[in-house]
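# Remarks on the overall topology
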Amino acid sequence: MLQTTFESPAAEALSAGAQAFLANIRAVAAVSPEVARAIVQELIDQRTNLKLIASENYCSLAVQSAMGNLLTDKYAEGVPFKRFYAGCDNVDRIEELARQTACKLFDKAHAYVQPHSGADANLVAFWAILSTKIEAPAFKELNTTDPNQLSRPDWEKIRQSLGNQRLLGMDLSAGGHLTHGYRRNVSSRMFDAYGYGVSPSTNLIDYDELQRIANDVRPLILLAGYSAYPRKINFARMREIADSVGAVLMVDMAHFAGLVAGKVFTGEFNPVPYAQVVTTTTHKTLRGPRGGMVLCDEEFAEQVDKGCPLVLGGPLPHVMAAKAVAFLEASRPEFSDYAHAIVKNSQSLSSALVANGCKVVTGGTDNHLVLVDVTPYGITGRQAESAVRECGITLNRNTIPFDANGPWYTSGLRLGTAATTTLGMREAEMKEIASILALVLSNTTPDKTDSGTSKAKYHVSPDAAGRARAKAQALLSDYPVYAELPLDALRKSAGMD
Ligand code: DSN
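To start, this report covers the structure provided alongside it. (Residues numbered from 1 in each chain as written. Predicted model: local features only at pLDDT ≥ 70, side-chain atom pairs only at ≥ 80, totals over all residues. Heavy atoms only, no water.)

## Some thoughts on the site of the ligand
Taken together, S55, H177, S227, H255, K284 and R414 make up the full set of residues adjacent to the ligand. Here an oxygen atom of the ligand and a side-chain polar atom of S55 are 2.7 Å apart. In isolation the ligand has 230 Å² of accessible area, and contact with the protein removes 62% of it. Of the residues assigned to the shell around the ligand, the class counts are no nonpolar, four polar and two charged. (Near = heavy atom within 4 Å. Polar contact = N/O pair within 3.5 Å; in protein donor to acceptor, adjacent residues only side chain to side chain. Areas by Shrake-Rupley, 256 points an atom, 1.4 Å probe, with all protein chains shown as cover. Nonpolar A, V, L, I, M, F, W, Y, C, P; charged D, E, K, R; others polar.)

Dropping the structure here:
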């Protein structure tokens, strides 16, 4: 029998966030025990598998509560105080608060907090840059500067009249993102897309080589940012390169927005003063709800604000509320301590991995992520990812620069410390995690198949797997995920007992 009323004996001992979470499970279970069970099961899974996925984190229960409520009922197309729907006064206040808090947090003239994801934010940014910068003869002939008025043949005329619709972004294979011009992503259909990589000798961005490529390509947009590059980027240098070829510098800081907000990346390593347009997700190191955002100079603000209807559908007011809460959290001094701890942990993890014999790409890290080359173990990234997961650690396989195994099997593992740092882990725990990873990797072998050696199947020695699992479990019991959530009461509320 499901409990649908709030009568936990320990209720008064629970935080407001935990009480809300418990009450939510009860409310959900009253309609769908299956969904309630899956939510509680996710908590159990996260409590039993150490999260090293570089793009994930654990947001606060305040962020979660701001997201789970009646704001989801509201349509609010448009921007604050200028909507296509009636009755948006409260959404106006929320979006304006999120917007202003983001501007203050990152010190940028304008913020657009509606994008539903980082990919959406990038699309909004691309169109805003195109719409702002295109002054093609064809545009004048068409007698409008409003891209929304243009038909398909009009766009074709504009495309043909422009010699400068090129996007130059970091190659996916070097650590860039799909939306930065990858051939299977719409970004490479919108633009004539070109890529830059890393130096074969250092695996680092070679700015002189990038300047040479930019001179050849003469892009409209130079795009900096990454999903799997473990080092800082010199954005002052990036801006110089962009200016020298008349390009707009756009930075996708999705992975390291928390390190910018927390003032770990300052001076020439902070993209915000250098890039005219900055995009981000809000759920990685920034530790907010799943979503996206665009920050920009005044010049691009008008077009960025046309993200809906140009690219997006109606905004998600509940997620904008959660973004406002997360930005306020990230404005606190303790967030800066957290951001510094992420990088310290990542550097401790990287050093400990090297000490355990692992090959770390670039030899270390400046940010929240570490890229490990698993080829010395004779296995693929895919085998390594599965073996490690079997031993209680969740992370993802990733290509390393010049990867012979391609993006499906890969030769690398990408590790991030944002989530374990949120749990409170520090240097000693990073050393322990490195030793667990080395134990698993050095005891994993590929399976043979009829047609040769598998790139997916693997074998981990049961003794090593048992020891690794026990060590991972010990860490998780010392640092429980969402420690304030009462698992027994949640299980009971979801009808799991
Ligand atoms: N999927 C994200 C990542 O893991 O880096 C980026 O979109």
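Following the structure, the description resumes.
## Examining the layout of surface pockets
Taken as a whole, the largest pocket encloses approximately 770 Å³ of empty space. In terms of lining, the largest pocket is formed by 28 residues, of which the most central are F21, C59, Q64, M67 and Y482. A per-element tally of the lining of the largest pocket places helix α1 (residues 16–31) first, with seven residues. Residues belonging to the lining of the largest pocket are distributed by class as follows: 16 nonpolar, eight polar and four charged. (1 Å grid on protein atoms, 1.4 Å probe; cavity = no way out; pocket = protein on both sides within 12 Å on 5 of 7 lines; lining within 4 Å. Points joined across faces, edges and corners; volume = space filled by probe spheres on them. Helix = DSSP H or I, 4+ residues; strand = E, 2+ residues; numbered from the N terminus.)

## Notes on the sheet that holds strand β11 (residues 359–360)
Strand pairing within a sheet occurs via backbone hydrogen bonds; the two strands may be parallel or antiparallel. Spatially, four strands are ordered β11-β12-β15-β14 in an open sheet, and the strand pairing comes out antiparallel. Across the chains shown, the open sheet's two edge strands, defined by having one partner strand only, are β11 and β14 (396–398). Sheet topology places β11 next to strand β12 (residues 369–373); two bridges connect them, and they run antiparallel. In the sheet register, K359 faces β12, and the bridge partner there is D373. Strands β11, β12 and β15 (412–416) of the sheet are contacted by helix α15 (residues 333–355), whose axis makes an angle of about 20° with β12. (Pairing = 2+ DSSP bridges. Contact = heavy atoms within 4.5 Å. Axes fitted to C-alpha atoms, helices over the stretch in contact; angles between N-to-C directions.)

## A look at the nonpolar core
Note that soluble globular proteins tend to have their nonpolar side chains buried in a common cluster. Core analysis: the largest hydrophobic core is formed by 66 residues, its most contacted members being L353, I393, L415, I433 and L437. Per element, the largest residue contribution to this core is nine residues, and it comes from helix α19 (residues 427–441). The residues touching L353, leaving out its near neighbours within four places in the chain, are C358, V360, V370, V372, L415, A434 and L437. Membership of the second largest hydrophobic core comes to 57 residues, among which are A98, V217, A224 and A339. (Core = buried A, V, L, I, M, F, W, Y, C linked by side-chain atoms within 4.5 Å. Buried < 20%, exposed > 50% of the residue type's maximum accessible area, 1.4 Å probe, protein only.)

## Observations regarding the sheet that holds strand β6 (residues 192–196)
What the seven strands build is an open sheet, ordered β4-β10-β9-β8-β7-β5-β6; its pairing is mixed. On the outer flanks of this sheet lie β4 (110–112) and β6, each paired with one strand and no other. Each adjacent strand pair in this sheet contributes to an overall mean axis angle of 20°, direction not counted. In this structure, β4 lies alongside strand β10 (residues 292–296), joined through three bridges in antiparallel fashion. When the bridges of β10 are listed, A111 appears paired with L295. Along the sheet, helix α9 (residues 207–217) contacts β5 (166–170), β6 and β7 (221–225); its crossing angle with β5, the most-contacted strand, is approximately 165°. With respect to the sheet, helix α10 (residues 235–244) is in contact with β6, β7 and β8 (248–252), its orientation differing from that of β8 by roughly 145°.

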